[in-house]
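In case you want the letters, here they are:
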There are 2 protein chains.
Amino acid sequence: MKQTLSVMVVNQTGVLARVAGLFSRRGFNIESLSVSTTEDKNISRMTIVVDGDEGTIEQVMKQLHKLIEVIKINNLTGTSYVDRGMALFKVAAGAAERAEVMQVVTIFRANIVDFCPNSLIIEATGSESKIAAIEEALRPFGIKEVVRTGEIAMARGIKAGSKKGGDAK
Amino acid sequence: MKQTLSVMVVNQTGVLARVAGLFSRRGFNIESLSVSTTEDKNISRMTIVVDGDEGTIEQVMKQLHKLIEVIKINNLTGTSYVDRGMALFKVAAGAAERAEVMQVVTIFRANIVDFCPNSLIIEATGSESKIAAIEEALRPFGIKEVVRTGEIAMARGIKAGSKKGGDAK
């Protein structure tokens, strides 16, 4: 079962290695991971998507809590949250195919972010399934390259989302 | 100096920990990282942004090449590439502020992806500086939470972008 964890950590060297090491020692393959600084430059936020049963993930969360650099962990799985990712697709579209590619872009409310005579780079955001759908739609034109962010997730509403209250540790 | 690396790796347990460990042992703090599967489910692609001088990054790249799970590394720094990230902002906007928040969203071509009576979740994509600008614009309304993806990057054009040719290893 896909589990989505939101982990606040101190932004310092080695934290990512320690967190990733914890998952790998338990045999969990991280499906996607995004880490970036937050509004407080001393704190980073990781969104980690892993496939695993709830019991084992709970064990990993307990281990994570023991890391001194981990400030807060939220398992968003089963709660009401928004999760989205972004992808860039490079499509081999010259003048002949461009109009048709632009139709796909419009339908999926994606954006063209780079233009070359024989290629376009398209930015798409959304759920995993929406990004998979636009990939399918672009495939016939020839996808030369794909880059994806990991998914990021945020609890809906103010109450559930105020993760900075520090009640989890 | 900010360096942007695009690293193709075999999608298996422990790879992220090994890659992250390599950076941390050299004292590099990873500023942002995105990892996700590619069109080939056996291969993941990491976009890593680190702050470091070119010489040391080259050393790290050499070490990365030695990891059997690393398929290909591209240092995009100094080349022509597109780099973008995504952020979600939860803003404490009730009925009174909503119209004004929507103006900011329109100006920055962002999207509202969740609606609650007293909060909105806004999705923004773009360069680091654009995302910083929208954050500034939203701050007066009260930002309750921010999540960012790491940046992802893609070389412009077809020639420079065909990274799957396998010439780097």
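Cut-offs applied
- Residues numbered from 1 in each chain as written.
- Chains lettered and ligands numbered in written order.
- Predicted model: local features only at pLDDT ≥ 70, side-chain atom pairs only at ≥ 80, totals over all residues.
- Heavy atoms only, no water.
- Least-squares fit on C-alpha atoms with pLDDT ≥ 70 in both.
- Contact = heavy atoms within 4.5 Å.
- 1 Å grid on protein atoms, 1.4 Å probe; cavity = no way out; pocket = protein on both sides within 12 Å on 5 of 7 lines; lining within 4 Å.
- Points joined across faces, edges and corners; volume = space filled by probe spheres on them.
- Helix = DSSP H or I, 4+ residues; strand = E, 2+ residues; numbered from the N terminus.
- Nonpolar A, V, L, I, M, F, W, Y, C, P; charged D, E, K, R; others polar.
- Polar contact = N/O pair within 3.5 Å; in protein donor to acceptor, adjacent residues only side chain to side chain.
- Pairing = 2+ DSSP bridges.
- Axes fitted to C-alpha atoms, helices over the stretch in contact; angles between N-to-C directions.
- Buried area = accessible area lost by both parts, 1.4 Å probe.

So, about the relation of the copies chain B and chain A. Of the transformation superimposing chain B on chain A, the axial component is 0.0 Å and the angular component is 180 degrees, with the fit at an RMSD of 0.0 Å. Viewed as a symmetry operation, the transformation between the two copies matches a two-fold axis. Both copies present the same face, since 100% of the interface residues in chain B are matched by interface residues at the equivalent positions in chain A.

A word on empty space enclosed by the protein. Evaluated as defined, the whole model comprises five cavities of 30 Å³ or more. Here the largest cavity is characterised by a volume of approximately 150 Å³. Mapped by element, the contributors of at least two residues to the lining of the largest cavity are helix H1 (15-25) of chain A together with strand E1 (2-10), helix H1 (15-25) and strand E3 (43-51) of chain B. Broken down by class, the residue content of the lining of the largest cavity amounts to 10 nonpolar, seven polar and no charged. The space that makes up the second largest cavity amounts to roughly 80 Å³. Taken together, Val9(A), Val10(A), Asn11(A), Gln12(A), Val15(A), Leu16(A), Val35(A), Ser44(A), Met46(A), Asn29(B) and Ile30(B) make up the lining of the second largest cavity. When its residues are assigned to classes, the lining of the second largest cavity shows seven nonpolar, four polar and no charged.

Counting through the fold element by element, Ser24(B) comes out in helix H1. Polar contacts involving the side chain of Ser24(B) include one to the main-chain carbonyl oxygen of Gly21(B), which spans 3.2 Å. Discounting residues that sit within four places of it in the chain, Ser24(B) has contacts with Thr13(A), Gly14(A) and Ala17(A).

Our next topic: the sheet that holds strand E3 (residues 43-51) of chain A. Pairing in this open sheet of eight strands is antiparallel, and the strands run E4(A)-E1(A)-E3(A)-E2(A)-E2(B)-E3(B)-E1(B)-E4(B) from one edge to the other. Every interior strand has two partners, whereas the edge strands, strand E4 (70-75) of chain A together with strand E4 (70-75) of chain B, have only one. Adjacent strand axes in the sheet meet at a mean angle of 15 degrees when their direction is disregarded. In this sheet, E4(B) lies alongside E1(B) in antiparallel orientation, the contact comprising five bridges. If you follow Leu5(B) over to E4(B), its bridge partner there is Asn75(B). H1(B) rests against strand E2 (30-37) of chain A together with E1, strand E2 (30-37) and E3 of chain B of the sheet, and its axis sits at about 20 degrees to E3(B).

Moving on, we come to the interface of chain B and chain A. Each partner contributes residues to the interface: chain B has 57 residues there, and chain A has 57 residues. Of the roughly 4900 Å² buried at the junction of chain B and chain A (both faces included), carbon and sulfur atoms supply 61%. Of all residues in chain B, Ile152(B), Met154(B) and Ile158(B) bury the most surface against chain A, accounting for 13% of the area lost on that side. Summed over the shared surface of chain B and chain A, the number is 18 residue pairs in polar contact (both at pLDDT 80 or more). A breakdown of the residues in the side of chain B that touches chain A according to their chemical character gives 23 nonpolar, 21 polar and 13 charged. Summarising the sheet, E2(A) and E2(B) pair through three bridges and their orientation is antiparallel.

Each pocket or cavity is described by its volume, and for the largest pocket that value is around 500 Å³. If you trace the largest pocket, you find 20 residues lining it, with Arg109(A), Asn111(A), Arg109(B), Asn111(B) and Glu123(B) closest to the centre. Among the secondary structure elements, those contributing two or more residues to the lining of the largest pocket are strand E6 (111-116) and strand E7 (119-126) of chain A together with strand E6 (111-116) and strand E7 (119-126) of chain B. Class assignment for the residues of the lining of the largest pocket results in eight nonpolar, four polar and eight charged.

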